[in-house]
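Below, each chain spelled out in residue letters.
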Amino acid sequence: MGFKEGGLCHLTTATTAVTFSDADTQPLALSQSSNVNQTLSLLQSDDVNLRVQAAVEIRRLTKTSQRYRRHFSGAVKPLVDMLLCDSIEAKEAALAALLNLAVKDETNKINIIDAGALEPIIGFLQSEDPTLEEHAIAALITLSASSVNKPIISASGAIPLLVETLRHGSSQTKSDAVMALYNLSTHPENVSLILQTEPIPPLVDLLKSCKKSSKTAERCTGLIELLVGFEEGRTILTSEEGGILAVVEVLESGSLQSREHAVGTLLTMCESDRCKYREPILREGVIPGLLELTVQGTPKSQSKAQTLLRLLRDNPYPRSELQPNTLENIVCNIISRIDGEDQTGKAKQMLAEMVQVSMEKSLKHLQQRALVCTPADLPISNCASEVPSK
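Because the structure is predicted, anything quoted here is derived from the model rather than measured. (Residues numbered from 1 in each chain as written. Predicted model: local features only at pLDDT ≥ 70, side-chain atom pairs only at ≥ 80, totals over all residues. Heavy atoms only, no water.)

**Q** I'm lost on the overall build of the chain in this one. Help?
**A** Of the regular secondary structure elements, the chain holds 23 helices and 0 strands. For the chain, contacts bridging at least 24 residues in sequence account for 66% of all contacts bridging at least 6. When the accessible surface of the chain is summed, it comes to about 18500 Å², and 51% of that surface belongs to carbon and sulfur atoms. (Helix = DSSP H or I, 4+ residues; strand = E, 2+ residues; numbered from the N terminus. Contact = heavy atoms within 4.5 Å. Areas by Shrake-Rupley, 256 points an atom, 1.4 Å probe, with all protein chains shown as cover.)

**Q** Please clarify how unusual backbone geometry should be interpreted in this entry.
**A** Apart from glycine, the bulk of residues carry a negative phi angle, and the bulk of peptide bonds sit in the trans form. At Lys 104, a position not held by glycine, the phi torsion is positive, near 55 degrees. Residue position: Lys 104 is located in the loop between α5 (88-102) and α6 (106-114). A relative accessible area of 36% places Lys 104 in the partly exposed class. A positive phi angle, close to 55 degrees, is found at Glu 198, a residue other than glycine. Checked against the element boundaries, Glu 198 lands in the loop between α12 (188-196) and α13 (200-209). (Buried < 20%, exposed > 50% of the residue type's maximum accessible area, 1.4 Å probe, protein only.)

**Q** Is there a simple way to explain empty space enclosed by the protein in this structure?
**A** Unfilled space is identified by rolling a water-sized probe across the atoms. Within the structure shown, the criterion is met by 1 cavity of 30 Å³ or more. Here the largest cavity defines a volume of roughly 30 Å³. Leu 95, Leu 98, Leu 99, Ala 102, Ile 112, Ile 121, Ala 139, Thr 142 and Leu 143 are the residues that line the largest cavity. Of all the secondary structure elements, the ones that give two or more residues to the lining of the largest cavity are α5 and α8 (130-143). Broken down by element, the residue count for the lining of the largest cavity peaks at 4 residues, all from α5. A per-class count over the lining of the largest cavity returns 8 nonpolar, 1 polar and no charged. (1 Å grid on protein atoms, 1.4 Å probe; cavity = no way out; pocket = protein on both sides within 12 Å on 5 of 7 lines; lining within 4 Å. Points joined across faces, edges and corners; volume = space filled by probe spheres on them. Nonpolar A, V, L, I, M, F, W, Y, C, P; charged D, E, K, R; others polar.)

**Q** Which parts of the structure should I look at to understand the environment of His 187?
**A** Along the chain, the position of His 187 falls in the loop between α11 (171-185) and α12. Separated by 33 residues in sequence, His 187 and Ser 154 place their C-alpha atoms 9.6 Å apart. Setting aside residues no more than four positions away along its own chain, His 187 makes contact with Lys 150 and Pro 151.

**Q** Help me out: how do you make sense of the packing of α8 against α11 in this one?
**A** Packed helices, taken two at a time, are described by the angle their axes make and the gap between the axes. Across the interface, α8 lies against α11 with an axial gap of 8 Å and an inter-helix angle of 25 degrees. Between α8 and α11, the crossing angle belongs to the class labelled roughly parallel. Crossing handedness for the pair α8 and α11: left-handed. Of α11, the residues touching α8 (which contributes Glu 134, Ile 137, Leu 140 and Ile 141) are Thr 173, Asp 176, Ala 177, Met 179, Ala 180 and Asn 183. (Axes fitted to C-alpha atoms, helices over the stretch in contact; angles between N-to-C directions. Parallel < 35°, antiparallel > 145°, perpendicular 65-115°, else oblique. Left-handed = near helix turned anticlockwise from the far one by under 90°.)

**Q** Can you help me understand the side chain of Lys 91 in this one?
**A** Position of Lys 91 relative to the elements: it lies in helix α5. Not counting residues up to four positions away in its chain, the partners in contact with Lys 91 are Met 82, Leu 83, Cys 85, Phe 124 and Leu 132.

**Q** Quick question: what am I supposed to make of the nonpolar core here?
**A** Generally speaking, a soluble globular protein has its nonpolar side chains buried in company with each other. Membership of the largest hydrophobic core comes to 97 residues, with the highest contact counts inside it found for Leu 79 and Leu 140. Among the elements that take part in this core, α5 stands out by supplying 9 residues, more than any other. Excluding its chain neighbours within four sequence positions, the residues that come into contact with Leu 140 are Leu 118, Ile 121, Ile 122, Leu 125, Ile 153, Ala 158, Leu 162 and Ala 180. (Core = buried A, V, L, I, M, F, W, Y, C linked by side-chain atoms within 4.5 Å.)

As structure tokens, then:
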């Protein structure tokens, strides 16, 4: 059950974000308005089968329509009441409808919590019915996207249950649990609450098994970066077998955002206590990935990678700026300290290759600029030589 906020279509399939047209904000036609009223009326029926039918219709109509989400806002309370039914089918239908109502609708997200949905949803996290458990985690992903709901959800006891899913769930529920935890972690007070549940070991396990360029890896490293802001988090990551290595592997082959989180994690550790964390980081072969980031990373990654390289050298503070020869000295120093003086040549070669990549990218960029700004009858060099200063 793939899920992400902003793209719920079917709970059993991976989804993508939906772009709404201007028509979605317009009033409903008379026939459509009548359909809405009839469906809302069915939700009040004493017949549970009719209520399920209404929930299924709401789910269908709100699947891709922001307009219907607004017009069905009155369905929130009766749908929340359905979560308390004895019927598993009714619970699943109501929860699916609530999820579609909440997507990209801040008001509905808040109203669903206010209507009392959180308690039954938390209960579903412990359900023996796997579909209901999956639906519940997806609901928390959606609802936790609201800044208003974040502290309320964390106070409800959801965090320990999500971390338990992280330990023992299926591969999909683990990924969804990470997404929900990541959403909650963006509320600063929740980070320490998450840390108390000891999530780092299962996060490392998931990071080892998932694709390094995936959204799951991105969320895992994002969480880990926040958690190592605490000494307890740094200690646990270091003591966890393969913990630092898992972060280094993301630094080498993750998405741009994942690599930024990964280098941020290692930098936070090294800045907090260089003597304690320098050697564990170096042992995992972080240098090639850091060198690549200094050339090919995001601006933040490049800056963090350069700072971390300075901290990893034997004497990190002789100069305040990284000049080309200084960077070479840093790399040579690091490699020689780990592998012996005979490895210095390899460090120089490694650095030369990265510099070559940087030069080629810069030249290509200049050529592209020249082709855009130079008239066809002028040589490219005339334009390329007039690069504006930064």
